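Listed below are the residues making up each chain.
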Amino acid sequence: MISNQPAERTWGLFAACGYGAACLIVLTVRQRGNRAAARRQGSRLAVLTGLTGAVLAPLAWMAAAGRAQPEIGVIIRSAALFVHRGTPYQGVAALATAHNPNAYDPYLPALVMFGMPRAILGGGLLTDPRVWFGVVFVVTFGAALAVLGTPRVEWWTAAVTASPVIALPLSAGGDDLPVLGLLCLGLALLGGNWRGRSWWRPLAAGLILGLAAAMKATAWPALVVALALTAARRDGRASALLSLAAVAVAGIADGPAAAAAPGAMLANTIAFPLGLAKVASPAASVLPGHLIAAAWGGGGWLAIALLVIAAAAVMVSLMVRPPEDLPAAGWRLVLGLTLLFLLAPASRVGYFVYPLGLSAWLLLIRRTPAAGPGPGPGPGLPQPGTRAALSLVTPRGR
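Residues numbered from 1 in each chain as written. Predicted model: local features only at pLDDT ≥ 70, side-chain atom pairs only at ≥ 80, totals over all residues. Heavy atoms only, no water.

When helices and strands are tallied, the protein chain shows 19 helices and zero strands. Burial statistics for the protein chain: of 398 residues in total, 49% are counted as buried. Considering only residue pairs separated by 6 or more positions, the protein chain has 73% of its internal contacts joining residues 24 or more positions apart. Accessible area of the protein chain: about 17900 Å², with a carbon and sulfur share of 69%. (Helix = DSSP H or I, 4+ residues; strand = E, 2+ residues; numbered from the N terminus. Buried < 20%, exposed > 50% of the residue type's maximum accessible area, 1.4 Å probe, protein only. Contact = heavy atoms within 4.5 Å. Areas by Shrake-Rupley, 256 points an atom, 1.4 Å probe, with all protein chains shown as cover.)

Have a look at this one:
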């Protein structure tokens, strides 16, 4: 509510009402006693109230009013450029005279496709990219829970979507959410026992992770972790299927735009996010990488060097001690992304939706009953501490 971004302030006003009403519902139910049926009903009503107040209402209002974070305008403009020119990026000559950071498009071509409905059909609630960001996230995150047999998938998906971690970016911008959902689903397909006839699992995981990588570079570390997981299982065919599928999807999605204007794509998607363009990126949260880059003239290169060192350390850990099951791989990815966002010279707090969202998913899949006998590892039963923590937000009687 005190943000300097109008879209975030608007969300804060709506969300304060939604979360406040959800809190009152929970307190009212607790005063009525500990009956399991009442607690379940109150929990469901609280989740729906929070979802309505923190997601549906602010998203619909801001989409109708045309209020959003700048990245939504960048995606819509890039989609229009793609329709008329065959590339979503401003040329190098145009960028040389630009003074507005929004002239750059740091997103890969596959993500720009979310702006196509607005570019082709014009304005309206259903053509707003945020609506489709949200749809893709809900479908993929729910599927990532369902694939591993997590109970009450629909309610956990609703609760996570209603949380501030997802609700704020979804209402104001949300371009990271479809990538996050695809990462969860791609990793979920590598969980459990998929040896033998389940060769389609690494293939599908490669297609999904490749699509995420074709949207944003923030998904690339997930491919590395997924390959380390398949390598730890000593399944050469799975590693090959995953690699080929990911490269094929990324090439099909991003290849034409890269071939049409390679210089423009490099300037927009590489130089600009790394702080090497003429115009500074607006992603400048007070994080270690940005502070180092802004300290003196060579700070940007020092921040990049530290980022490379951190990435190399994570790579070495994957080779020396590769993750042997899905939770281990997921937590290694959380660590890698956290280091990436902390040390990047141009970063923002909003990027932490990835490690936070992945952490929520990893905690939820630990509620899945242990897999039956078999050579493939799977998510196990919750540890006592995790079970106790999750019981605070889980309706009793289920």
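On we go.
A few words on unusual backbone geometry. Positive phi, normally seen in glycine, also occurs at arginine 152, with a value near 55°. The exposure class assigned to arginine 152 is buried, which follows from its relative accessible area of 16%.

With that settled, the discussion passes to the side chain of threonine 157. Tracing the sequence through the fold places threonine 157 in helix α8 (residues 153-162). Setting aside residues up to four positions removed in sequence, threonine 157 forms contacts with Val138, Phe141, Gly142 and Leu145.

Glancing now at the packing of helix α7 (residues 129-147) against α8. Taken N-terminus to C-terminus, the directions of α7 and α8 make an angle of 135°; their axes are 9 Å apart at the nearest point. In this view, α7 runs oblique relative to α8, as classed from their interaxial angle. As for how α7 packs across α8, the hand of that crossing is right-handed. For the pair formed by α7 and α8, the contact residues are Phe137, Val138, Phe141, Gly142, Leu145 and Ala146 on the first element and Val153, Trp156, Thr157, Val160 and Thr161 on the second. For the contact of α7 with α8, the per-class residue count stands at eight nonpolar, three polar and no charged. (Axes fitted to C-alpha atoms, helices over the stretch in contact; angles between N-to-C directions. Parallel < 35°, antiparallel > 145°, perpendicular 65-115°, else oblique. Left-handed = near helix turned anticlockwise from the far one by under 90°. Nonpolar A, V, L, I, M, F, W, Y, C, P; charged D, E, K, R; others polar.)

In this section: the environment of isoleucine 270. Along the chain, the position of isoleucine 270 falls in helix α14 (residues 262-271). Using a relative accessible area of 34% as the deciding quantity, one classes isoleucine 270 as partly exposed. Counting along the chain gives 163 residues from isoleucine 270 to tyrosine 107, while the straight-line C-alpha distance between them is 9.6 Å.

Bringing the pattern of salt bridges into the picture now. Considering all chains together, one arrives at five salt bridges under this definition. Across the pair aspartate 128 and arginine 118 runs a salt bridge, and its minimum N-O distance is 4.0 Å. Taken together, the positions of aspartate 128 in the loop between α6 (116-121) and α7 and arginine 118 in helix α6 put the pair ten residues apart, joining distant regions of the chain. Arginine 130 is the salt-bridge partner of aspartate 128, the closest N and O atoms lying 2.9 Å from each other. On the basis of relative accessible area, aspartate 128 is assigned to the buried category, the value being 3%. Sharing partners across several salt bridges, the network here consists of Asp175, Asp176, Lys216 and Arg348. (Salt bridge = Lys/Arg side-chain N within 4 Å of Asp/Glu carboxyl O.)

All right, on to helix α9 (residues 164-172) then. Every buried residue of α9 is listed here: Ile166, Ala167, Leu170, Ser171 and Ala172. Looking one or two residues beyond α9, the residue adopting positive phi is glycine 174, at roughly 85°.

Core analysis: the biggest nonpolar cluster contains 77 residues, and Phe141, Leu145, Leu180, Leu183, Tyr354, Leu358 and Trp361 have the highest contact counts within it. Here the element with the most residues in this core is helix α10 (residues 177-188); it accounts for nine residues. Setting aside anything within four residues of it in sequence, one finds phenylalanine 141 in contact with Thr157, Val160, Gly181, Cys184, Gly357, Trp361 and Leu364. If you look at the next biggest cluster of nonpolar residues, it comprises seven residues, including Leu95, Ala103, Phe272 and Val279. (Core = buried A, V, L, I, M, F, W, Y, C linked by side-chain atoms within 4.5 Å.)

The next thing to look at is a nonpolar patch on the surface. Together, Trp220, Leu266, Ile270, Leu274, Leu276 and Trp301 give the surface a local cluster of nonpolar side chains, amounting to about 600 Å² of exposed area. On the secondary structure map, leucine 274 appears in the loop between α14 and α15 (288-295). (Patch = residues over 30% accessible without salt bridge, like charges linked within 9 Å, V, L, I, M, F, W, Y side chains within 5 Å.)

Between its terminal C-alpha atoms α7 stretches 27 Å, which fits the 27 Å expected from 19 residues at 1.5 Å a residue. Of the positions making up α7, those classed as buried are Pro129, Arg130, Val131, Phe133, Gly134, Phe137, Thr140, Phe141, Gly142, Ala144 and Leu145. One or two steps after α7, the chain reaches glycine 149, where phi turns positive at roughly 75°. (Expected span 1.5 Å × (residues − 1).)

It is worth spelling out the packing of α7 against α9 at this point. α9 packs onto α7 with a crossing angle of 150° between their chain directions and a minimal axis gap of 8 Å. Judged by residue contacts, Arg130, Phe133, Gly134 and Phe137 of α7 engage Ile166, Leu170, Ser171 and Ala172 from α9.

Time to look at the environment of glutamate 8. Mapped onto the elements of the fold, glutamate 8 is located in helix α1 (residues 6-31). For the pair glutamate 8 and arginine 67, spaced 59 residues apart in the sequence, the C-alpha separation amounts to 9.8 Å. What glutamate 8 contacts, discounting residues up to four positions off in sequence, is Ser3, Gln69, Leu168 and Ala172.

So, about the confidence of the model for the protein chain. Confidence in the prediction for the protein chain averages 85 pLDDT; 89% of positions are at 70 or higher. Counted against residues more than four places away or in other chains, residues 370-398, with its pLDDT under 50, gives 51 contacts. (pLDDT = per-residue confidence, 0-100.)

Here we take up the packing of aromatic side chains. Enumeration over the complete set of coordinates arrives at eight aromatic pairs. With a centroid separation of 6.0 Å and an interplanar angle of 35°, the aromatic rings of phenylalanine 341 and tyrosine 354 are classed as tilted. You can see phenylalanine 341 sitting in helix α17 (residues 326-343) and its partner tyrosine 354 sitting in helix α18 (residues 353-365), a full 13 residues away along the chain. Feature note: the residues Phe341, Tyr351, Phe352 and Tyr354 constitute an aromatic cluster, connected by ring pairs. (Phe/Tyr/Trp six-rings, centres within 6.5 Å; stacked < 30°, edge-to-face > 60°.)

Here we take up the environment of alanine 119. With respect to the helices, strands and loops of the structure, alanine 119 is situated in helix α6. For alanine 119, a relative accessible area of 29% corresponds to the partly exposed category. C-alpha of alanine 119 to C-alpha of serine 78: the two residues are 41 residues apart in sequence and 8.9 Å apart in space. Leave out the neighbours within four places in its chain, and alanine 119 touches Ala79, Ala80 and Val83.

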